[in-house]
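Working through the structure, step by step
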Amino acid sequence: MATPESNLNRSNLINTPDKNGFFGPYGGRFVPPPLEKPLEDLTEAFLKYRNDEVFEAELHREYVEYSGRPTPLYYAQRLSEYLGATILLKREDLNHLGAHKLNNCLGQALLARRMGKKKLIAETGAGQHGVATAAVAARLGLECDIYMGEEDMRRQLPNVNRIRLMGARVVPATSGDKTLSAAVDEAIGAWVAEADDAFYLLGSAVGPHPYPMIVRHFQSVVGTEARKQVLAQFGRLPDMLCACTGGGSNAIGLFYPFLMDEKVAMVGVEAAGSGVETNRHAATLTTGNPQVIHGMNTYCIPEGLVSREGNHCIAAGLDYPGIGPEHSFLKDAGRVTYEAATDEEVMEAFATLCRLEGIIPALESSHALAYLEKLKGTFAEDALIVCNLSGRGDKDMDEFTRRKGLNDSPDGPAKGLFC
Ligand SMILES: *Cc1c(COP(=O)(O)O)cnc(C)c1O
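Conventions we followed
Residues numbered from 1 in each chain as written. Predicted model: local features only at pLDDT ≥ 70, side-chain atom pairs only at ≥ 80, totals over all residues. Heavy atoms only, no water. Phe/Tyr/Trp six-rings, centres within 6.5 Å; stacked < 30°, edge-to-face > 60°. Helix = DSSP H or I, 4+ residues; strand = E, 2+ residues; numbered from the N terminus. Buried < 20%, exposed > 50% of the residue type's maximum accessible area, 1.4 Å probe, protein only. Lys NZ or Arg CZ within 6 Å of the ring centre and 35° of its normal. Near = heavy atom within 4 Å. Polar contact = N/O pair within 3.5 Å; in protein donor to acceptor, adjacent residues only side chain to side chain. Nonpolar A, V, L, I, M, F, W, Y, C, P; charged D, E, K, R; others polar. Domains from an automatic or database assignment. Pairing = 2+ DSSP bridges. Axes fitted to C-alpha atoms, helices over the stretch in contact; angles between N-to-C directions. Contact = heavy atoms within 4.5 Å. Salt bridge = Lys/Arg side-chain N within 4 Å of Asp/Glu carboxyl O. Core = buried A, V, L, I, M, F, W, Y, C linked by side-chain atoms within 4.5 Å.

Focus: the packing of aromatic side chains
Taken as a whole, this structure holds nine aromatic pairs when the rule is applied. Seen from their ring centres, Tyr200 and Tyr211 are 6.3 Å apart, and the 75° between their planes marks the pair as edge-to-face. Of the two residues, Tyr200 sits in strand E8 (residues 198–200) while Tyr211 sits in helix H10 (residues 211–219), which places them 11 residues apart along the sequence. Tyr211 matches Tyr200 in its accessibility class, with the two residues each being buried. Grouped by ring-pair contacts, the aromatic residues Phe46, Tyr49, Phe55 and Phe218 constitute a single cluster. If you follow Arg91 out to its NZ or CZ, it ends over the ring of Tyr74, 5.6 Å from the centre. One cation-aromatic arrangement involves Lys376 over Tyr82; the distance from NZ or CZ to the ring centre is 4.7 Å.

Structure below.
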């Protein structure tokens, strides 16, 4: 039987954040004064509607009818045989728009409507969050401004076109390096100027309080469903959960509803890019240290440690110098382990899932698969593992084939592609 003390310790893991937005020493709200009031209003609205039955029913209906939830917990039989463990994939790739991002966008957009806001503001780097935000704005009849670095607009033209088709405005960010950080600065500036009418829709479990708490809440639908599904399908909890971490939203969404289940191990997998010993990676928790970034205290790769140009890893969605503060807290608490997978390992895992299951995973999700592939042959015989397939990889085909040197080949997929 658990002692009161261990109960206390464990409940400290889920009774987070505190009222100032701290997960232990991490998180908080480190922002200029003009942002205090909009963030306070947002906190108040979220706490009011979080457990409101009508709001919940509304959100549930959107999940079912617009996004296609619940997503299956899929027994990957051939992958299981190959790796030597029972592997269950939480199929977030089957959501509308092909990833978990919509879970959060729908929740925040409904909250925006409840707050009487008429416009959604968001920033986007690779464009995925911009597309998801534009979609929910269209769905709810809200105006929408997506801030995107001018350089990123050029690189991600198909997403720019998707956003515009859905009726949103793409606002080019022209300051600094003309990429994501410029877009963040300019989007925040616009929010301060328009805070009465506009809602800032943040795409991952990062940033100042209350965003990490809000995003965790809306993404927890992933873990809540998975927990019910694994109990119904296998009659027991899994031995391990595994998910990729960029900002950490798909991972915390899967992990949070299991945090109190002491026997369930959890692994977050970061992008090791060309290798954690090089200057091209995004392995924040593996190589970084705590500092204040983007309004929160969290582990962060110190400036100068990784190169500034281009992508640091193969998956644009994982290329973020910080990490959600709750992950920093869970790392220090020893509750979640964080590992890193290199681009090479990721491409191999990507191809393995295509070949064995007929599923093309996002390169982001392939980081989680790559970690499992590293463990091949070392699992206990009856190991039961839930891996979050955060998104589908159709968007990544070009990157994959380019890296494999296949785009110049007139003969189609070269022999030796997968081995
Ligand atoms: C955006 C994205 C991620 C990374 O974001 P998290 O907040 O870390 O979940 C992972 N997978 C896919 C498919 C994405 O689109």
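Quick notes on unusual backbone geometry
A cis amide bond, omega -10°, links Thr16 with the succeeding residue Pro17. Of note, Pro17 is situated in the loop between helix H1 (4–14) and strand E1 (22–23). In this chain, His209 is followed by Pro210 through a cis amide linkage whose omega measures 15°. Take Pro210: it is sitting in the loop between E8 and H10. Phi at His294 is positive, roughly 45°, even though this residue is not glycine. Here His294 lies in the loop between strand E11 (289–293) and strand E12 (296–300). What makes His294 partly exposed here is its relative accessible area of 38%.

Section: the site of the ligand
Neighbouring the ligand are 16 residues; Lys101, Ser204, Gly246, Ser249 and Ser390 lie closest to it. Within the side chain of Ser249, an N or O atom sits 2.7 Å from an oxygen atom of the ligand. With respect to the ligand, the side chain of Asn250 contributes an N or O atom lying 2.8 Å from an oxygen atom. Classifying every residue of the shell around the ligand gives three nonpolar, 11 polar and two charged. Both domain 1 (22–63 + 100–215) and domain 2 (70–98 + 219–403) contribute no fewer than three residues apiece to the shell around the ligand.

A short note on the sheet that holds strand E5 (residues 119–124)
Taking strand neighbours across the sheet as the criterion, the four strands line up as E7-E6-E5-E8 in an open arrangement whose pairing is parallel. This sheet does not close on itself; its edge strands, each paired only once, are strand E7 (169–173) and E8. Put simply, the sheet's adjacent strands are angled 25° from each other on average, direction ignored. Sitting on the sheet, helix H5 (residues 101–114) is in contact with E5 and E8, with an inclination near 150° to E8.

Details of the pattern of salt bridges
Applying the stated criterion across every chain, the model contains 24 salt bridges. The salt bridge partner of Arg114 is Glu58, with a shortest N-O separation of 3.3 Å. One end of the pair, Arg114, is in helix H5; the other, Glu58, is in helix H3 (residues 53–67), with 56 residues separating them in the sequence. According to the relative accessible area criterion, Arg114 is partly exposed, its value standing at 28%. Residue classification places Glu58 among the buried positions, given a relative accessible area of 14%. Between Glu225 and Lys90 there is a salt bridge, with the nearest N and O atoms lying 2.7 Å from each other. Of this pair, Glu225 sits in helix H11 (residues 221–234) while Lys90 sits in strand E4 (residues 86–91); the two residues are 135 residues apart in sequence, bridging distant segments of the chain. Judged by relative accessible area, which is 12%, Glu225 ranks as buried. Given the relative accessible area of 0%, Lys90 is considered buried. Salt bridges sharing common partners tie together Arg69, Lys90, Glu92 and Glu225.

Quick notes on the sheet that holds strand E13 (residues 337–342)
Strand order in the open sheet formed by six strands is E3-E4-E14-E9-E10-E13, with mixed pairing between adjacent strands. For this open sheet the edge positions go to strand E3 (73–75) and E13, each flanked by a neighbour on one side alone. The average undirected angle you get between the axes of adjacent strands in this sheet is 30°. With five bridges connecting them, strand E9 (residues 240–244) and strand E10 (residues 265–273) associate as parallel partners. What sits directly across from Leu241, in E10, is Met266.

Some words on the nonpolar core
Counting residues in hydrophobic clusters, the biggest one holds 87 residues, and the most contacted among them are Leu120 and Leu254. Leave out the neighbours within four places in its chain, and Leu254 touches Val222, Gly223, Ala226, Leu241, Cys242, Ala243, Val386 and Asn388.

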